[in-house]
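Given next are the chains, with one letter for each unit.
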Amino acid sequence: MRLMIPPLYRLPALCAAAGRGRAGWLALAFLIVTLGLPGAQETASAKIPARPVFERDIRPILKAHCFHCHGEEEKPKGGIDLRLRRLMLRNADPKADPAIVPGRPAQSRLLEAVRSGEMPKGGKPLSPQQVAILERWIAQGAPTFRPEPDEVPRWVITEEERAFWAFQPVGHPTPPVIRYGKQVRTPIDAFLLERLRRDGLGFAPQARLEALIRRVTLDLTGLPPTPEEVDQFLQDPSDAGYGRLVDRLLASPAYGERWGRHWLDVAGYADSNGGVEADSERPWAWRYRDYVIGAFNDDRPFDEFITEQLAGDELLPAITPDLSGRDLDRLVATGFLRMAPDPTGDGAPEPELARNQVIADTVQIVSSSLLGLTVHCAQCHDHRYDPIPQADYYRLRAVFEPAFDWKRWKNPGQRLVSLMPPADRSMADCIEQAARVHDAEATRLHDELIEKFVQKQLLLVPEPRREAVLGARRTPAAQRTPEHLQLLREFPMFQDHILLGEIDREGANRVDEIRKRATADRALKPADPMVQALVEASAEPVATVRFHRGDPQQPRETMRPGLLSVMGLGGLEVDLPEVVPGRRTTGRRLELAWRLTDRRNPLTARVWVNRLWHQHFGMGLVGTPGDFGVLGERPSHPELLDWLAADFMDHGWKNKRLHRLIVTSTAYRQGTVNPAAQRKDPDNRLLGRYRLRRLDAEGLRDSLLAVSGRLDPTPSGPPVPVAVNAQGQFVVGVQKRDGNGDAVGVESVGTADFRRSVYVKVRRSTPVGVLETFDAPVVNPNCEARPVSTSAPQSLMFLNDGFVLDRSLDLARRLRREAPGDERAQLERLWRLVFAVPPKPADLERSRRFLAELRTGWASPGDASGNPASPPPSQDAKPKAPEAPAATPDERALAALCQVVLGSNRFLYLD
């Protein structure tokens with residue numbers, strides 16, 4: 001018997017049902033074991049249709065497990081084609097039996113093969129439930145819903161697949177009318193409350209005001225509210241006052257930094273190329289990051305935001321160095337299409353495969369972020385579950401092919417676009433010419449001094465052999481004969497590796513001085529700012545071919561550009577022109593962008609509003625934000641999802657309006673406790689309470705910096721560097737290296753060490769330790785939804801990580817500065833900074849006792865150095881400038897208390 005332990009979030013409800021004492025625990029054990037029985041928990045999923053039919057029940061099984069060999073090939077293996085019921089009744093081999101005999105399961109080869117495990121070969125076997133469905137279908141005569149076509153199409157999208165919810169046009173449902181609906185503040189509440197009341201439930205009571213302002217402030221800005229902001233809100237907690245709070249947060253520059261980071265996850269943002277161990281840097285990727293942050297702060301309509309990222313270069317009349325304002329934004333926005341890992345400039349072992357993978361990853365990023373589908377699963381074969389043929393995958397790829405052009409590939413460095421003005425370019429050329437004069441002078445002097453040395457050494461060679469030795473030295477290495485090589489081995493002083501510094505130190509210094517003049521000249525050049533962009537060079541179409549089994553070495557037919565066929569159910573045109581007349585480019589990406597933002601597109605608006613909902617509530621209305629397909633979850637509130645998507649489009653695709661609609665709802669303002677809802681809806685899919693959520697990686701680091709008073713709010717610009725410290729952790733700072741190039745420490749970059757996490761360099765091979773520990777995104781190629789883990793390293797980080805210890809000491813010093821000599825005031829300030837609430841008398845008493853015990857212990861000689869709560873040398877291992885004074889016993893005791901408070905769940909979670 002296979003035990004299935006209930007998820008941890010269900011244990012409280014089970015414990016409540018079990019009661020207390022020995023009898024209660026026995027009851028709990030019985031419940032857990034019972035839930036593990038196949039007949040208990042899996043009854044619903046194990047139900048077999050009373051009358052299976054081919055299109056609804058059988059074809060999805062065969063498509064997932066069998067079509068790969070018995071439907072997609074030109075010649076099906078074994079002569080058996082399973083795409084249609086009638087094809088199973090005959091075999092290409094006249095001597096072989098058909099796959100099925102309707103009404104006779106025992107004589108059906110297909111059933112025998114899957115039941116025995118012989119088929120599918122090398123694949124996952126059919127489940128007992130699937131075998132039972134197949135057997136019942138054959139026994140009942142193998143019925144179909146409708147007559148099958150005479151001709152066998154390469155690909156069929158059935159009526160059942162077309163009827164799938166995600167491919168239906170976005171509707172305009174009317175919010176339900178709720179009787180006695182005092183809790184209905186927005187239409188969102190009406191939809192949720194109507195569903196809750198069907199189960200006899202309602203919303204939880206509103207959260208405490210302090211918890212609410214902390215929640216909404218961290219949600220919209222990623223930073224905790226200050227005590228002063230909390231006081232201001234408590235003076236006017238009315239709906240109007242709360243609305244003004246929300247408007248202030250949405251107007252804050254921190255809003256774009258917070259919500260831009262969410263988009264950067266799905267865009268796969270990174271400051272390095274990845275793909276191979278070298279993981280070379282992308283020195284100009286930060287411009288795209290700043291573009292995203294700026295777009296959110298400006299509340300740029302999301303349809304424009306999409307269009308600029310997919311086809312910003314096609315919106316411009318020309319790509320020139322004098323671009324500025326919105327035109328420059330449009331060019332920078334195409335960095336979205338350059339976010340995929342790209343090792344083609346780092347010596348990838350198989351260049352052709354690496355190029356193909358860059359385009360494949362780009363298609364995956366675009367489709368998962370904007371369509372919410374696993375389109376990449378159709379790269380090698382027809383999608384096993386969703387109605388996406390392999391041909392559709394290459395139709396979508398054809399949209400991007402002219403810009404990437406994998407046959408005339410450009411490495412990452414070759415795709416940079418210079419913004420240097422013509423005057424600056426001319427000046428730089430002049431300076432370069434002057435520097436080259438110095439280079440030539442240095443090279444001439446170097447060669448003369450080496451030749452002088454060679455002539456002196458030549459006197460030591462027997463005269464008859466001098467000409468031969470000199471000839472061997474002057475012959476290019478690639479053209480030397482075995483006789484030349486033998487002479488150079490015999491007279492090694494004439495080999496190529498003569499170092500001037502070893503034979504003539506004075507002459508070497510003269511050469512270095514000349515080269516320094518060249519370097520000094522080049523330092524006068526104007527800066528050459530670059531943009532990492534995707535630019536289509538011309539309107540010349542580039543052919544896209546379907547790769548058999550996804551293998552670039554097996555090209556098949558040429559594909560025309562287009563969208564997924566199934567997206568055209570609502571009248572959306574899915575065929576795209578190969579070339580749009582009158583444009584300087586093919587115009588394919590711009591046509592794609594316009595169709596993705598067309599109201600008839602059933603996916604894009606739904607996918608995006610679901611992502612916003614996911615970030616606000618901890619789970620989307622569709623629990624799989626990157627997969628709206630068959631294997632994804634179904635929407636918990638389909639009418640609400642459609643209403644949000646339609647309302648979003650109706651009001652100009654404005655994000656801030658949607659945020660305001662969500663966070664001002666009663667559903668968002670709920671508390672986390674609703675016993676009735678917890679019993680009936682333990683997963684909280686009906687939203688009868690607010691979901692307790694932990695701060696994400698950036699929110700945690702930024703909150704530590706904010707409450708400690710060290711946060712540097714400087715926006716935009718190149719990323720803060722990352723280095724490896726003596727403990728092997730990746731931390732913020734500049735890498736120090738020895739003469740051999742080995743890492744020997746980390747040097748501070750000043751206050752930039754404390755900038756917001758969105759500005760810290762995202763290098764795929766060097767994730768910052770404090771962020772990685774708390775589930776920072778892994779972009780390979782992008783991150784559709786972050787995992788939320790609970791692990792021992794997270795607790796250990798708050799016990800001994802240098803960053804946490806340093807921030808604890810910074811917070812202690814802040815408290816002593818702001819309330820000097822007043823311990824009670826310091827503790828009250830600590831609680832209000834960290835938790836947004838004043839401490840209770842019991843909190844004060846315990847804290848004062850804790851401080852007194854530490855101070856007493858550390859006052860004894862010899863005790864201080866052994867105190868584990870005293871911050872040891874930081875794991876950041878960065879010198880401070882100027883050096884901070886040593887902590888006093890009072891400071892260290894307060895720092896220890898700060899460390900305890902910062903490591904508490906009250907700080908780590910949003911209540």
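Parameters at a glance
Residues numbered from 1 in each chain as written. Predicted model: local features only at pLDDT ≥ 70, side-chain atom pairs only at ≥ 80, totals over all residues. Heavy atoms only, no water. Helix = DSSP H or I, 4+ residues; strand = E, 2+ residues; numbered from the N terminus. Buried < 20%, exposed > 50% of the residue type's maximum accessible area, 1.4 Å probe, protein only. Lys, Arg positive; Asp, Glu negative; His and termini not counted. Charge placed at Lys NZ, Arg CZ, Asp CG, Glu CD. Expected span 1.5 Å × (residues − 1). Contact = heavy atoms within 4.5 Å. Core = buried A, V, L, I, M, F, W, Y, C linked by side-chain atoms within 4.5 Å. Disulfide = S-S within 2.5 Å. Axes fitted to C-alpha atoms, helices over the stretch in contact; angles between N-to-C directions. Parallel < 35°, antiparallel > 145°, perpendicular 65-115°, else oblique. Phe/Tyr/Trp six-rings, centres within 6.5 Å; stacked < 30°, edge-to-face > 60°. Lys NZ or Arg CZ within 6 Å of the ring centre and 35° of its normal. Salt bridge = Lys/Arg side-chain N within 4 Å of Asp/Glu carboxyl O. Polar contact = N/O pair within 3.5 Å; in protein donor to acceptor, adjacent residues only side chain to side chain. Left-handed = near helix turned anticlockwise from the far one by under 90°. Nonpolar A, V, L, I, M, F, W, Y, C, P; charged D, E, K, R; others polar. Pairing = 2+ DSSP bridges. Bend = angle between axes of the 7 residues up to and from the residue. pLDDT = per-residue confidence, 0-100.

1. With respect to the overall build of the protein
Phase 1: Across its full length, the protein holds 36 helices and ten strands.
Phase 2: For the protein, the spread of C-alpha atoms along the principal axes amounts to about 105 × 90 × 60 Å.
Phase 3: Per-residue burial over the protein gives 51% buried out of 911 residues.
Phase 4: A distance of 5 Å separates the average location of the 124 positive side-chain charges in the protein from that of its 120 negative side-chain charges.

2. With respect to helix α13 (residues 286–297)
One turn of the α-helix equals 3.6 residues, which is why residues spaced by three or four share an orientation.
Phase 1: The first and last C-alpha atoms of α13 sit 17 Å apart over twelve residues, in line with the 16 Å expected at 1.5 Å per residue.
Phase 2: Most of α13 sits out of view: ten of its twelve residues are buried.
Phase 3: Looking only at α13, the buried set comprises W286, R287, Y288, R289, D290, Y291, V292, I293, A295 and F296.
Phase 4: Its buried side turned inward, α13 meets α12 (253–267), α14 (302–311), α15 (325–333), β2 (530–532), α24 (604–617) and α26 (655–663).
Phase 5: Just downstream of α13, D299 is the residue with a positive phi angle, here 55 degrees.

3. Observations concerning the nonpolar core
Phase 1: The biggest cluster of nonpolar side chains holds 127 residues, and the ones touching the most others in it are W263, Y288, L310, W613 and L644.
Phase 2: Among the elements that take part in this core, helix α25 (residues 638–650) stands out by supplying eight residues, more than any other.
Phase 3: For L310, the residues in contact, after removing those within four places along its chain, are F336, L337, V366, L370, F400, R589, L592, A593 and L596.
Phase 4: F754, V760, L854 and L910 belong to the second-largest nonpolar core, a separate cluster that totals 46 residues.

4. Overview of the state of the cysteines
Phase 1: For the structure shown, the criterion picks out zero disulfides.
Phase 2: The closest cysteine sulfur to the non-disulfide-bonded C66 is located on C69, 8.7 Å from its own sulfur.
Phase 3: Look at C66 and you get buried, because its relative accessible area is 9%.
Phase 4: We note that C377 lacks a disulfide partner, and the nearest cysteine sulfur, in C380, lies 9.5 Å from it.

5. Some points on the packing of helix α8 (residues 187–198) against α25
Phase 1: Where α8 contacts α25, the axes come no closer than 9 Å and their chain directions differ by 170 degrees. Relative to α25, α8 is oriented roughly antiparallel. For the pair α8 and α25, contact is made by P187, I188, F191 and L192 and by E639, L640, W643 and L644, respectively.

6. Considering the packing of aromatic side chains
Phase 1: Per the counting criterion, the structure on display carries 30 aromatic pairs.
Phase 2: Between F54 and W137, the aromatic rings sit 5.9 Å apart at their centres with planes inclined by 35 degrees, giving tilted as the arrangement. Linking F54 in helix α4 (residues 54–65) with W137 in helix α6 (residues 128–139), this pair joins segments that are 83 residues apart in sequence. Per residue, the accessibility class of F54 equals that of W137, and both read buried.
Phase 3: Ring pairing ties together the aromatic residues Y255, W263, Y288, Y291, F296, F302, F305, F336, W608, F648 and W653, which thus form one cluster.
Phase 4: Its end group placed over the ring of W409, R415 keeps NZ or CZ at 4.9 Å from the ring centre.

7. Points about the side chain of R689
Phase 1: Within the secondary structure, R689 is located in the loop between α28 (675–680) and β5 (693–694).
Phase 2: In this structure R689 is buried but unpaired, with D681 as the nearest side chain of opposite charge at 4.9 Å.
Phase 3: A distance of 3.2 Å separates the side chain of R689 from the backbone oxygen of P682, its partner in a polar contact.
Phase 4: Ignoring any residue separated from it by four or fewer positions in sequence, one finds R689 in contact with A204, Q670, G671, T672, N674, A677, Q678, D681, P682 and N684.

8. Some points on the environment of H70
Phase 1: Here H70 shows up in the loop between α4 and α5 (109–116).
Phase 2: In sequence terms H70 and L82 are twelve residues apart; their C-alpha atoms lie 5.8 Å from each other.
Phase 3: Once residues lying within four places of it in the same chain are set aside, the contact partners of H70 are P76, K77, I80, D81, L82 and R83.
Phase 4: From its side chain, H70 meets the backbone oxygen of I80 in a polar contact 3.1 Å long.

9. Details of unusual backbone geometry
Phase 1: In the segment running from M119 into P120, the intervening peptide bond is cis, with an omega of -5 degrees.
Phase 2: As for its position among the elements, P120 is in the loop between α5 and α6.
Phase 3: At R549, a residue that is not glycine, the phi angle is positive and equals roughly 60 degrees.
Phase 4: Mapped onto the secondary structure, R549 falls in the loop between β3 (544–547) and β4 (555–559).
Phase 5: The class for R549 is partly exposed, based on a relative accessible area of 24%.
Phase 6: With a phi close to 60 degrees, S716 is a non-glycine residue in the positive phi region.

10. Observations concerning the pattern of salt bridges
Phase 1: In this structure the tally under the stated criterion is 78 salt bridges.
Phase 2: Close ionic contact of E308 with R330 constitutes a salt bridge, the shortest N to O distance being 3.9 Å. In this pair, E308 sits in helix α14 while R330 sits in helix α15, placing the two residues 22 residues apart along the sequence.
Phase 3: Its relative accessible area of 22% is what places R330 among the partly exposed residues.
Phase 4: A salt bridge links R600 to D598; its shortest N-O distance comes to 3.0 Å.
Phase 5: What makes R600 partly exposed here is its relative accessible area of 40%.
Phase 6: When salt bridges with common partners are traced through the structure, they connect D298, R300, E304, E308, R326, D327, D329 and R330 into a single cluster.

11. Quick word on the packing of helix α34 (residues 841–859) against helix α35 (residues 889–902)
Phase 1: Packing of α34 against α35 leaves a shortest axis separation of 9 Å and a crossing angle of 135 degrees. Of the possible angle classes, the one that applies to α34 and α35 is oblique. Judged by the twist between their axes, the crossing of α34 over α35 is right-handed. Contacts between α34 and α35 pair S847, F850, L851, L854, R855 and W858 from the former with P889, D890, R892, A893, L894, A896, L897 and V900 from the latter.
Phase 2: Residue composition of the contact of α34 with α35, by class: ten nonpolar, one polar and three charged.

12. Notes on the pairing of strand β8 (residues 734–737)
Phase 1: Examined bridge by bridge, β8 and strand β9 (residues 743–747) share four bridges and lie antiparallel to one another. Residue Q735 lies in a different strand from β9, and its bridge partner there is V746.
Phase 2: Counted along the chain from β8 to the antiparallel partner β9, the turn is five residues long, and its residue G741 has a positive phi close to 85 degrees.

13. Description of helix α17 (residues 390–404)
Phase 1: With 15 residues, α17 extends 20 Å from end C-alpha to end C-alpha; this agrees with the ideal 21 Å at 1.5 Å per step.
Phase 2: The axis of α17 is deflected most strongly, by about 40 degrees, at A398, and proline P402 appears within four residues downstream.
Phase 3: By the criterion of burial, α17 is predominantly enclosed, with 14 of the 15 residues buried.
Phase 4: D405 sits one or two residues past α17 and shows a positive phi near 45 degrees.

14. Quick look at the confidence of the model for the protein
Phase 1: On average, residues of the protein carry a pLDDT of 89, and 92% of them reach 70 or more.
Phase 2: The low-confidence segment residues 1–45, where pLDDT is below 50, has 33 contacts with residues more than four positions distant or belonging to other chains.
Phase 3: Predicted confidence for residues 864–882 stays below pLDDT 50, and this span has 39 contacts to residues more than four positions away or in other chains.

15. Comments concerning the side chain of T544
Phase 1: One can find T544 in strand β3.
Phase 2: By relative accessible area, which is 1% here, T544 ends up buried.
Phase 3: Separated by 3.1 Å, the side chains of T544 and E401 make a polar contact.
Phase 4: Setting aside its immediate chain neighbours within four residues, T544 contacts Y394, R397, A398, E401, E557, T558 and M559.

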